[in-house]
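Per-entry structural report
So the chains spell out like this:
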Amino acid sequence: MALVAGVDSSTQSCKVVVRDAETGALVRTGRASHPDGTEVAPHHWWDALQTAIAEAGGLDDVEAVAVGGQQHGMVTLDTSGQVVRDALLWNDTRSADAALALIDELGGPAASAQACGSVLVASLTITKLRWLRDHEPENAAKVAAVCLPHDWLTWQLSGATGFDTLVTDRSDASGTGYWSPFDEAYRPDLLALALGSTPALPRVLGPSEAGYRLAGGGAVLAPGAGDNAGAALALGLTPGDVSVSIGTSGVVGAVSAAPVADASGLVAGFADATGNYLPLSVTLNASRILDWACRLLGVGYDELATLALQAPAGADGLVLVPYFEGERTPNKPRATAALHGMRLDNSTPAHVARAAIEGLLCSLADGIDAQRALGVPVNRAFLVGGGAKSPAVRALAPSVLGLPVVVPPAGEYVADGAARQAAWVLAGGATPPAWAFEQEPEELAGEPTPFVREQYAAARDLVVERRA
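Summary of the structure given here. Keep in mind that this is a model prediction, so the values were computed, not measured. Residue positions are counted from 1 within each chain, in the order its sequence is given. The predicted nature of this model means local features are confined to residues of pLDDT at least 70 and side-chain atom pairs, given and counted, to a pLDDT of 80 or more, with totals for whole chains, interfaces and linings taken over all residues. Processing note: side-chain calculations cover all non-hydrogen atoms of the structure and skip hydrogens and water entirely.

Some details on the pairing of strand 5 (residues 62–69)
Exposed residues in this analysis have more than 50% of their type's maximum accessible area, buried residues have under 20%, and partly exposed residues fall in between, with area computed by a 1.4 Å probe over protein chains only. Each helix corresponds to a stretch of at least 4 residues labelled H or I by DSSP, and each strand to a stretch of at least 2 residues labelled E; elements are numbered beginning at the N terminus. Of all 8 residues in strand 5, 7 are buried, a share of seventy percent or more. If DSSP finds at least two bridges between two strands, the strands pair. Pairing geometry for strand 1 (residues 3–9) and strand 5, over 7 bridges, is parallel. When the sheet's bridge partners are listed, valine 4 is paired in strand 5 with alanine 64. Judged from the 2 bridges that link them, strand 5 and strand 13 (residues 220–221) form a sheet pairing that is parallel. Along strand 13, the bridge assignment pairs valine 65 with leucine 221. Strand direction decides the pairing type here: strand 5 and strand 14 (residues 225–226), joined by 2 bridges, are parallel. Along strand 14, the bridge assignment pairs glycine 68 with alanine 225.

Structure, rendered in structure tokens:
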């Protein structure tokens, strides 16, 4: 039995899964925590990876390894291959002004989207490089190479030292802001615009192209992937499928056969880990909407779901616009949340619970609409993340989203996707191995309730902005 390993080096932790290369059956796992913060010394990722590998029983019997990881993080290296400064992570917003400046220099949002597939925001690596140039010029002058968290970890696993051995994949490269999904190539001119120089960049491997080997000549190293692309690979998404992830943030990711460019900024035009594309829409508010409703009503998650299912569709006109932390889709960073349509007869715990879950699902449905507006086909939704555990979310999702919904079993989908990629590299061929879910996914359907979306849309823009 050939074994493969997949790694998920996320913002909060590192997970390792070891699976049977042919069937995908789980053999063993390991985990370790990462430090908090939006600025992290990369050696913490390496230390956590070693701990997680040890907990997973090591890699001596593994034939291929792939690393999935948090996207966008800026890892800068000097001429000797040492890290110049702590990495700025995707959720470090100090480069927000740099993003605006770069958009202006590129000629506006539409030009930005055409250049790299996305309207630049603070999460993208290119904006962090501009911040480095402007605020730490001495460090900027030391930069000889730039890579991403998963690239750096793959490099460390190989034991290589030359920048010519740095590798990445197209899914993670597409989140830098200096790689074009239309050209399938880096844009050195954009890199120079941001940093003032053109340091070395990782070579972009094909979806099933082998990289190097573990230090000492062990397992083959696969290209790896960005976290969203890794999860999509684990789920087996194909064009027409959309992943709806309800975590701290909400992520709507649809698989497309062609790249997209959205001048509105609602959709980021990323690539996936199979050769297709993975346009993403992100909401800032997702599972915390459920947290808010539980606190307000003084109930747990199960009771919240029971209450929500006691109220009618549309909550008798009660609508929650859930912009508690501002919002990204639509782009309303200073917006606040509000309950609309309150009357004496609909201001009950059941109606509030229903409005909370419908508001959550309507906001995610807006992300699906943004994808469709770009011509991305959407035929069914895969519902994942912590929020998908709610019986009420599962019950209402098909009718609010207007789609058949598949709820796969809980899993470490980024690490599982990396493991599936490793198996693909090991086996070769045009497509990844056909792994089955360990449990049958739950398939849900329901009659669409367009009036719920309509009343939400009528309230969506009636927001009050918080003061600066």
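Topic: the nonpolar core
Counting 57 residues, the largest nonpolar core has Ile357, Leu360, Leu383, Val393, Leu401 and Val405 as its most contacted members. Every residue in contact with leucine 401, bar those within four places of it in the chain, is listed here: Val244, Leu361, Ala365, Ile368 and Ala381. We define the nonpolar core as a collection of buried residues of types Ala, Val, Leu, Ile, Met, Phe, Trp, Tyr and Cys that are connected through side-chain atoms lying within 4.5 Å of one another. Ala115, Ile126, Ala229 and Leu280 belong to the second largest nonpolar core, which has 46 residues in total. The contact definition used throughout considers only heavy atoms, calling two residues in contact when any of these lie within 4.5 Å.

Concerning helix 13 (residues 391–401)
Buried residues dominate helix 13, accounting for 8 of its 11 residues. A positive backbone phi angle near 70° is found at glycine 402, which sits one or two residues after helix 13.

Concerning the sheet that holds strand 16 (residues 250–254)
The strand order across the open sheet built from 7 strands is 17-18-16-15-21-22-23, with neighbouring strands paired in mixed fashion. The sheet is open, and its two borders are formed by strand 17 (268–271) and strand 23 (442–444), each paired with just one other strand. Across the sheet, the axes of successive neighbouring strands diverge by a mean angle of 25°, strand direction being ignored. Examined bridge by bridge, strand 16 and strand 18 (residues 277–283) share 4 bridges and lie antiparallel to one another. Residue pairing across strands places valine 251 opposite valine 282, the latter belonging to strand 18. Interaxial angle, 0 to 180 degrees, is taken between N-to-C directions of lines fitted to C-alpha atoms, where a helix line uses only the stretch in contact. Strands strand 15 (240–246), strand 16, strand 17, strand 18 and strand 21 (378–384) of the sheet are contacted by helix 9 (residues 227–235), whose axis makes an angle of about 115° with strand 18.

A word on empty space enclosed by the protein
With a 1 Å grid laid over protein atoms only, a set of points is called a cavity when a 1.4 Å probe fits there but cannot get out and a pocket when it is open yet has protein on both sides within 12 Å along at least five of seven lines; lining residues have an atom within 4 Å of a point. Grid points are joined across faces, edges and corners, and a volume is the space filled by probe spheres set on the points. Here the structure, examined in full by the defined rule, presents 3 cavities of 30 Å³ or more. Taken as a whole, the largest cavity encloses approximately 60 Å³ of empty space. Lining the largest cavity, in full, are Leu318, Val319, Leu320, Ala355, Glu358, Gly359, Cys362, Val452, Gln455 and Tyr456. For the lining of the largest cavity, the secondary structure elements donating two or more residues are strand 19 (319–321), helix 12 (349–373) and helix 15 (450–460). In terms of residues, the lining of the largest cavity owes the most to one element, helix 12, which gives 4 residues. Residue polarity follows a fixed list, in which Ala, Val, Leu, Ile, Met, Phe, Trp, Tyr, Cys and Pro are nonpolar, Asp, Glu, Lys and Arg are charged, and the others, Gly among them, are polar. Of the residues in the lining of the largest cavity, the class split is 7 nonpolar, 2 polar and 1 charged.

What to know about the side chain of glutamine 421
With respect to the secondary-structure elements, glutamine 421 resides in helix 14 (residues 413–427). Within the local environment of glutamine 421, its side chain forms a polar contact with the backbone nitrogen of glycine 224, the two atoms lying 2.6 Å apart. Ignoring any residue separated from it by four or fewer positions in sequence, one finds glutamine 421 in contact with Ala66, Pro207, Ala222, Pro223, Gly224, Leu233 and Ala273. Pairs of N or O atoms are called polar contacts if they sit within 3.5 Å, as long as, within protein, a hydrogen donor faces a hydrogen acceptor (for residues adjacent in sequence, only side-chain-to-side-chain pairs).

Quick notes on the packing of aromatic side chains
Only centres within 6.5 Å qualify two rings of Phe, Tyr or Trp (six-membered ring in Trp) as a pair; their planes then separate them into stacked at under 30 degrees, edge-to-face at over 60, and tilted for everything else. Scanning the entire structure with this criterion turns up 4 aromatic pairs. An angle of 70° between the planes, with centres 6.4 Å apart, marks the rings of tryptophan 45 and tryptophan 152 as edge-to-face. Of the two residues, tryptophan 45 is situated in helix 1 (residues 43–55) and tryptophan 152 in helix 6 (residues 149–158); the sequence distance between them amounts to 107 residues. Each member of the pair, tryptophan 45 as well as tryptophan 152, carries the same accessibility label: buried. Ring centres of tryptophan 292 and phenylalanine 324 lie 5.0 Å apart, and the angle between their planes is 45°; this geometry places the pair in the tilted category. Of this pair, tryptophan 292 sits in helix 10 (residues 287–297) while phenylalanine 324 sits in the loop between strand 19 and strand 20 (338–340), placing them 32 residues apart in sequence. Among the residues examined, phenylalanine 324 registers a relative accessible area of 29% and is labelled partly exposed. Against the face of tryptophan 131 rests arginine 94, its NZ or CZ located 5.0 Å from the ring centre. We count a charge as sitting over a ring when the NZ of a lysine or the CZ of an arginine lies within 6 Å of the ring centre and within 35 degrees of the ring normal. Directly above the aromatic system of tyrosine 277 lies the positively charged group of arginine 170, at a separation of 5.0 Å from the ring centroid.

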